[in-house]
Amino acid sequence: MRLGLGLPSLGHLASPAFIASVARRAEELGYHSLWVGERLLDPVKPRSRYPGTPDGNLPESMKIAYDPVATLTFAAAVTSRITLGTSVLCMLLHNPVVLAKQLATLDALSGGRLRAGLGQGWSLDEIEAAGNTPVGQGRRSDEFVAVLRGLWTAGTTAYTGEFFTVPETAFEPKPASPRIYLGVYAPRAVERAGRLADGWLPGGLPLELLLPLRETLFESARKAGRPEPEVVVRANVRFTGTRRRPFQGTWAQIEADLAAFREAGVDEVFLDFVLDDATLTEEGFVERMERAARM
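Residues numbered from 1 in each chain as written. Predicted model: local features only at pLDDT ≥ 70, side-chain atom pairs only at ≥ 80, totals over all residues. Heavy atoms only, no water.

### Re the overall build of the chain
Stage number 1. Regarding its fold elements, the chain presents 9 helices and 11 strands.
Stage number 2. Relative to the compact-globule value of 19 Å for 295 residues, the chain shows a C-alpha radius of gyration of 18 Å, a close match.
Stage number 3. Across its three principal axes, the chain shows a C-alpha extent of roughly 55 × 40 × 40 Å.
Stage number 4. Looking at the chain residue by residue over its 295 residues, the buried ones come to 51%.
Stage number 5. As displayed, the chain offers around 13,100 Å² of accessible surface, 53% of which is attributable to carbon and sulfur atoms.
Stage number 6. Across the chain, the mean location of the 33 positive side-chain charges is 2 Å away from that of the 35 negative side-chain charges. (Helix = DSSP H or I, 4+ residues; strand = E, 2+ residues; numbered from the N terminus. Rg over C-alpha atoms; globule rule 2.2 N^0.38 Å. Buried < 20%, exposed > 50% of the residue type's maximum accessible area, 1.4 Å probe, protein only. Areas by Shrake-Rupley, 256 points an atom, 1.4 Å probe, with all protein chains shown as cover. Lys, Arg positive; Asp, Glu negative; His and termini not counted. Charge placed at Lys NZ, Arg CZ, Asp CG, Glu CD.)

Next up, the structure:
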């Protein structure tokens, strides 16, 4: 099982110097991948509750948010081998043609290291600020992925759908080996990931919930005549809290979780230390990433 790391692109540790330092050190330690998340706004009076806090507001660890594509491009410039993933870009915040160009450029500049993780998002404030609506987001997701695939793989392509129209066009540069991952949870959305994506990006699910959904994913891929998608798990590591979830608790418990996910045949887990607490120092982050690399 491969091990990845979430870059400190969110929260109080986000800074150019520290992002570059962590990216270089992760590659030295043998991590397989670096991942970044996306937040567009921090609404003063949010219309959609953030599911991870009692009051529905964003936690302090997400108050500062760097742009994910720019951050990965920056990280690419100081590394040479480690793969670069988004977990996740909210499709309702982007136009697929513009995003296709941004991600293909990142792939070219990094030497083919892109891993494009996409999701649907939850913040109505962000979605409407980006000029969209959550109505029909499942159908929109289908079209979004179809547009990316066409631009990235065909010599010339055209698309006319309910949400997007692309005239017949060539498109360069193309990603060297484009891989699309979907970060979704509802069974119908997981079925879509099996039909459309190269991988699934769940986070926070215990194995007893993850494994049945993985079967839905694999069965959907088989019916569509597609290869079995990768499963890459986002592990939001926490060393505090009374509720015991995967990758929360002591180092011994986190190491046991990694072993259990490895035994279950998960392809990759990436550890995100950013969401743990707002008092984590740069030295503490580096200590955690170095210790985790030895597990």
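So, next bit.
### Description of the packing of aromatic side chains
Stage number 1. Evaluation of the coordinates by the stated rule reveals 8 aromatic pairs.
Stage number 2. Residues W35 and F270 carry aromatic rings whose centres are separated by 5.0 Å and whose planes lie at 15 degrees to one another, so their mutual orientation is stacked. With a gap of 235 residues between them, W35 in strand β2 (residues 33-36) and F270 in strand β11 (residues 268-272) connect regions that are remote in the sequence. We note that W35, like F270, is buried.
Stage number 3. Both rings, one in Y50 and one in W122, keep their centres 5.5 Å apart while their planes meet at 50 degrees; by these two values the pair is tilted. Of this pair, Y50 sits in the loop between β2 and α2 (68-77) while W122 sits in the loop between β5 (114-119) and α4 (124-129), and the two are 72 residues apart along the sequence.
Stage number 4. Feature note: the residues F18, F273 and F285 constitute an aromatic cluster, connected by ring pairs.
Stage number 5. Here the guanidinium or amino end of K101 rests over the ring plane of F171, the centre of that ring lying 4.4 Å away. (Phe/Tyr/Trp six-rings, centres within 6.5 Å; stacked < 30°, edge-to-face > 60°. Lys NZ or Arg CZ within 6 Å of the ring centre and 35° of its normal.)

### A closer look at the packing of helix α6 (residues 187-196) against helix α7 (residues 207-223)
Stage number 1. At a minimum axis separation of 7 Å, α6 and α7 run at an interaxial angle of 40 degrees. With respect to each other, α6 and α7 are oriented oblique. α6 and α7 meet at a crossing whose hand is right-handed. In contact with P187, V190, E191, A193, G194 and R195 of α6, α7 contributes L213, T216, L217, S220 and A221. (Axes fitted to C-alpha atoms, helices over the stretch in contact; angles between N-to-C directions. Parallel < 35°, antiparallel > 145°, perpendicular 65-115°, else oblique. Left-handed = near helix turned anticlockwise from the far one by under 90°. Contact = heavy atoms within 4.5 Å.)

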